[in-house]
Amino acid sequence: MTLAIALLLSIIAGAAELAFDVRSMRQEVVEDTRYRLDLIHGTAAEAAFQLNPDLAAQVSEGLFSGGRVDSVMISDDFGRTMATRQREALAEESQLAHTLFGDIVDYRQTLFYQAAPDAPPTAVGEISLTLALDSLGRDFTDRSLLIFTLGVSKALAIAALLALVFHWFVTRPLLQVHAAIASTDPRQPGQWPKPRMKHHDNDELGHLVESVDELLQAFQQGLDQRDQLHQISTMDGLTGIANRRHLDAFLTREWRRAKRYGHPVSVVFLDIDHFKEFNDQYGHVVGDDTLRAVAEVLAGVVHRASDLVARYGGEEFVCVLPDTGLEGAMRVAARIQQGIHELDILHAHSTCAGHVTASFGVACSEPNESDTSWEALLAEADRQLYRAKRLGRDRIVSAQDCATESGTGR
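Counting starts from 1 at the beginning of each chain's written sequence and moves along it residue by residue. Only residues with pLDDT of at least 70 get local features here, since the model is predicted, and only at 80 or more are side-chain atom pairs given and counted; chain-wide, interface and lining totals rely on the full set of residues. Note that the side-chain values use all heavy atoms of the structure and ignore hydrogens as well as water.

## Overview of the environment of G240
Line of reasoning, step 1. Within the fold, G240 resides in the loop between helix 5 (204-234) and helix 6 (244-261).
Line of reasoning, step 2. G240 sits 223 residues away from E17 along the chain, and the two C-alpha atoms are 83 Å apart. In DSSP terms, a helix is any run of H or I states spanning at least four residues, a strand is any run of E spanning at least two, and both are numbered starting from the N terminus.

If you want it as structure tokens, here you go:
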């Protein structure tokens, strides 16, 4: 595009330069013709004074040899023709040549001869000369072509140089900025590969990069705030593990996946034994510390990336174990129970031990197309939890009619 614009401008500039050159060429033609007439004036006057046709013919032949002359005639003071010379074949004259040079082709000059040093010059004859329009037209065309070609070449060379400089100092840095933006991870816009703009720190490109950087950092801050809000909305504020909202979403997703691939899903439901009495005896601050300690035990045991530990509410917790059969889930529950025992948190009002314990209900299911919801699985684990409480607490109970062990062992 730059070269095309430069070419158009060079054509316009070349046309303007040709217009000025027409005036220059006209002046050159007139001055050159008059100079040549002045140069042969003395010889032509002597030929006319002596009535010497041979000398007159030599003069006319000399003028004619210039190439631009169409006809030459030398006459004496009686009007008799002494010598004449004219081109044999007339070339076709162009309208352009006639328009440009038609008024400067005819020249007449009176010949004066001084017979004695003290005698005044006397008119002895006349010389007339006519220039060839076709020759002037060809000279103008050749000259115009050269001028126009040189003008366009210079303009294109300057444009190419400007385009190269523009590409190096403007387009190339802009492409670097574009490439950096295009390679930016939308999830981490603040970590975009910010390009270094050498020699552009204080110009528009430098300001552009800084503005883009500020914009992407603002985007990053917004994403961080969104993630923080999302984490707040899905994490339990006291224990730092998933809350009920996160649990529901996780179960819905894993239940759908288990139906698609025919994998089992197990749930461990646990409740801290006699937690109300514990709070009444030791206070809510100690109770909160105990909930956090139990949550840490759960997170330490259930550490697979595909599993989830969540606080269901109050002192109740749920572990969701995808791709895990009943036997594996029972082993996970046993490790959690052992971890809670090892906390050795004093609980004087416990009916089953002198420290904090928990009751566990375990359920497992391999959902099929007719199983529309995970709620039945969670309800079954809850029923087994209450069976464990009725049987004396601090124990792990599972449904006797659950599907036989399948899936990943623990």
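## Thoughts on unusual backbone geometry
Line of reasoning, step 1. Its identity as a non-glycine residue notwithstanding, L51 has a phi of 50°, on the positive side.
Line of reasoning, step 2. If you check the backbone angles, D323 has positive phi at about 55° while not being a glycine.
Line of reasoning, step 3. Its location among the elements puts D323 in the loop between strand 7 (316-322) and helix 9 (326-343).
Line of reasoning, step 4. When its relative accessible area of 19% is taken as the criterion, D323 is described as buried. Any residue under 20% of the maximum accessible area for its type is buried, any over 50% is exposed, and the rest in between are partly exposed; the area is computed with a 1.4 Å probe on protein chains only.

## Looking at the layout of surface pockets
Line of reasoning, step 1. Considered as a void within the structure, the second largest pocket measures approximately 170 Å³ in volume.
Line of reasoning, step 2. Cavity and pocket criteria rest on a 1 Å grid covering protein atoms alone: a 1.4 Å probe that fits but cannot get out defines a cavity, protein on both sides within 12 Å along at least 5 of 7 lines defines an open pocket, and an atom within 4 Å of a point defines a lining residue. What lines the second largest pocket is W168, F169, R172, P173, Q176, R196, M197, K198, H199 and H200.
Line of reasoning, step 3. Each residue gets one of three labels, nonpolar for Ala, Val, Leu, Ile, Met, Phe, Trp, Tyr, Cys and Pro, charged for Asp, Glu, Lys and Arg, and polar for the others, Gly among them. Among the residues forming the lining of the second largest pocket, the class breakdown is four nonpolar, three polar and three charged. Grid points are joined across faces, edges and corners, and a volume is the space filled by probe spheres set on the points.

## Brief notes about the packing of helix 7 (residues 275-282) against helix 8 (residues 284-301)
Line of reasoning, step 1. Lines fitted to C-alpha atoms define the axes here, with helix axes fitted over just the stretch in contact, and angles between the N-to-C directions of these axes take values from 0 to 180 degrees. Here helix 7 crosses helix 8 at 135°, and the two axes come no closer than 7 Å. Here helix 7 is positioned oblique relative to helix 8, judged by the angle of their axes. For the pair formed by helix 7 and helix 8, the contact residues are F275, F278, N279 and Y282 on the first element and H284, V286, G287, T290 and L291 on the second.
Line of reasoning, step 2. In terms of residue class, the contact of helix 7 with helix 8 is made up of five nonpolar, four polar and no charged. To sort the angles, those under 35 degrees are grouped as roughly parallel, those over 145 as roughly antiparallel, those from 65 to 115 as roughly perpendicular, and the leftovers as oblique. Any two residues having at least one pair of non-hydrogen atoms within 4.5 Å are treated as being in contact.

## Topic: the packing of aromatic side chains
Line of reasoning, step 1. Geometry of aromatic contacts follows a simple scheme: Phe, Tyr and Trp rings, the Trp one being its six-membered ring, pair when their centres are within 6.5 Å, and the pair is stacked under 30 degrees between planes, edge-to-face over 60, tilted otherwise. Within this structure, the stated rule accounts for five aromatic pairs.
Line of reasoning, step 2. Pairing F101 with F140 gives two aromatic rings, centres 6.1 Å apart and planes at 70°, and the pair type is edge-to-face. With F101 in helix 3 (residues 95-101) and F140 in helix 4 (residues 133-182), this residue pair connects regions lying 39 residues apart in the sequence.
Line of reasoning, step 3. Overall, F101 belongs to the buried group, its relative accessible area being 0%.

## Side note on helix 10 (residues 375-390)
Line of reasoning, step 1. Here the expected length of a helix is defined as 1.5 Å per residue gap, with one fewer gap than residues. In this model, helix 10 (16 residues) spans 23 Å end to end at C-alpha, consistent with the 22 Å of a helix rising 1.5 Å per residue.
Line of reasoning, step 2. Every buried residue belonging to helix 10 is among L377, L378, E380, A381, Q384, L385, A388 and K389, and all of these are buried.
Line of reasoning, step 3. In this fold, the buried residues of helix 10 make contact with helix 6, strand 5 (265-272), strand 6 (308-313), strand 7, strand 8 (358-365) and strand 9 (396-398).
Line of reasoning, step 4. Note on helix 10: the residue one or two positions beyond its end, G392, has a positive phi of about 125°.

## Here we look at the pattern of salt bridges
Line of reasoning, step 1. By convention in these notes, a salt bridge is any Lys or Arg side-chain nitrogen within 4 Å of a carboxyl oxygen on Asp or Glu. Applying the stated rule across the entire model yields 24 salt bridges.
Line of reasoning, step 2. When the shortest N-O distance is used, the salt bridge between R68 and D139 registers 2.9 Å. One end of the pair, R68, is in the loop between helix 2 (53-64) and strand 1 (69-76); the other, D139, is in helix 4, with 71 residues separating them in the sequence.
Line of reasoning, step 3. A relative accessible area of 25% places R68 in the partly exposed class.
Line of reasoning, step 4. For R383, the salt bridge is made with E380, and the minimal N-O distance between the two is 2.3 Å. Of the two residues, R383 and E380 both sit in helix 10, three residues apart, roughly one turn of that helix.
Line of reasoning, step 5. Judged by its relative accessible area of 47%, R383 is partly exposed.
Line of reasoning, step 6. Overlapping salt bridges, with partners in common, bring together D70, R87, D134 and R138 in one network.

## Observations concerning the sheet that holds strand 2 (residues 81-86)
Line of reasoning, step 1. Should DSSP find at least two bridges between two strands, the strands are regarded as paired. Ordered in space as 2-1-4-3, the four strands form an open sheet in which the pairing is antiparallel. Looking along the sheet, the strands with just one partner apiece sit at the ends: strand 2 and strand 3 (106-113). Pairwise comparison of adjacent strand axes, ignoring direction, gives a mean angle of 15° for this sheet.
Line of reasoning, step 2. Judged from the five bridges that link them, strand 1 and strand 2 form a sheet pairing that is antiparallel. In the sheet register, M73 faces strand 2, and the bridge partner there is T84.
Line of reasoning, step 3. Along the sheet, helix 2 contacts strand 1, strand 2 and strand 4 (122-131); its crossing angle with strand 2, the most-contacted strand, is approximately 25°.

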